[in-house]
Amino acid sequence: MIESNLSLSNEDTHHDHDSGTVVQESKPELKRPAMYSVVMLNDDYTPMEFVVEVLQTFFSKTPEQATQIMLTVHTKGSAVCATYTKDVAETKAALVNQYARDCQHPLMCEIAPAQD
Ligand code: TYC
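Predicted, not measured: the structure shown is a model, and the values here were computed from it. (Residues numbered from 1 in each chain as written. Predicted model: local features only at pLDDT ≥ 70, side-chain atom pairs only at ≥ 80, totals over all residues. Heavy atoms only, no water.)

## Thoughts on the sheet that holds strand 4 (residues 78-85)
Spatial ordering of the open sheet is given by 4-3-5, a layout of three strands whose pairing is antiparallel. Of all the strands in the sheet, just strand 4 and strand 5 (108-113) have a single pairing partner and so form its edges. Each neighbouring strand pair of the sheet contributes to a mean axis angle of 30°, computed without reference to strand direction. The sheet contact formed by strand 3 (residues 35-41) and strand 4 spans seven bridges and is antiparallel. Directly across from Tyr36, in strand 4, lies its bridge partner Tyr84. Here helix 1 (residues 48-59) sits on the sheet in contact with strand 3 and strand 4, set at roughly 10° to strand 4. (Pairing = 2+ DSSP bridges. Helix = DSSP H or I, 4+ residues; strand = E, 2+ residues; numbered from the N terminus. Axes fitted to C-alpha atoms, helices over the stretch in contact; angles between N-to-C directions. Contact = heavy atoms within 4.5 Å.)

Dropping the structure here:
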């Protein structure tokens, strides 16, 4: 049986008039998803130009934005590249880490719960 859940609260149940079966309505999925940031970490060896290329390629940054983020990582130790849902953040971090490995650079990204 197909029933809309849009006008029902989380606790609502229906008594099916034909069979007497109690139908638990599905919970409306209205909450915004948890968000995670991809955080880039500094190291002593990855060339600055490579970091800028990564930020443009994987995070669609302009050359100016990419340079600013790279310099923040270089001077402060880390910086947020971008914020996504958890699945996307995990995938972006893994893609960057694999690409850096493939290119034999120690550059690393990790993910962290976004600050609101
Ligand atoms: N610290 C590196 C250097 O001096 C540059 C760098 C910047 C490396 C940002 C990693 O995420 C990074 N060549």
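More follows now that the structure is in view.
## Re the state of the cysteines
The term disulfide refers to a covalent linkage connecting the sulfur atoms of a pair of cysteines. The final tally for this structure, using the stated rule, is zero disulfides. Cysteine Cys109 shares no disulfide, and the gap to the nearest cysteine sulfur, in Cys81, comes to 4.5 Å. You can call Cys109 buried: its relative accessible area is 3%. (Disulfide = S-S within 2.5 Å. Buried < 20%, exposed > 50% of the residue type's maximum accessible area, 1.4 Å probe, protein only.)

## Description of the packing of aromatic side chains
A complete count under the given rule lists two aromatic pairs for this structure. A ring pair is formed by Phe50 and Tyr99, whose centres lie 5.4 Å apart and whose planes are at 15°; its orientation type is stacked. In this pair, Phe50 sits in helix 1 while Tyr99 sits in helix 3 (residues 86-102), placing the two residues 49 residues apart along the sequence. Taking 5.6 Å as the distance between ring centres and 45° as the angle between the ring planes, the aromatic pair formed by Phe58 and Tyr99 counts as tilted. Of the two residues, Phe58 sits in helix 1 while Tyr99 sits in helix 3, which places them 41 residues apart along the sequence. Here Phe58 falls in the buried class, since its relative accessible area comes to 16%. An aromatic cluster is defined as three or more aromatic residues linked by ring pairs; in this entry it consists of Phe50, Phe58 and Tyr99. Directly above the ring of Phe59 sits Lys92, whose terminal nitrogen or CZ lies 5.9 Å from the centroid. (Phe/Tyr/Trp six-rings, centres within 6.5 Å; stacked < 30°, edge-to-face > 60°. Lys NZ or Arg CZ within 6 Å of the ring centre and 35° of its normal.)

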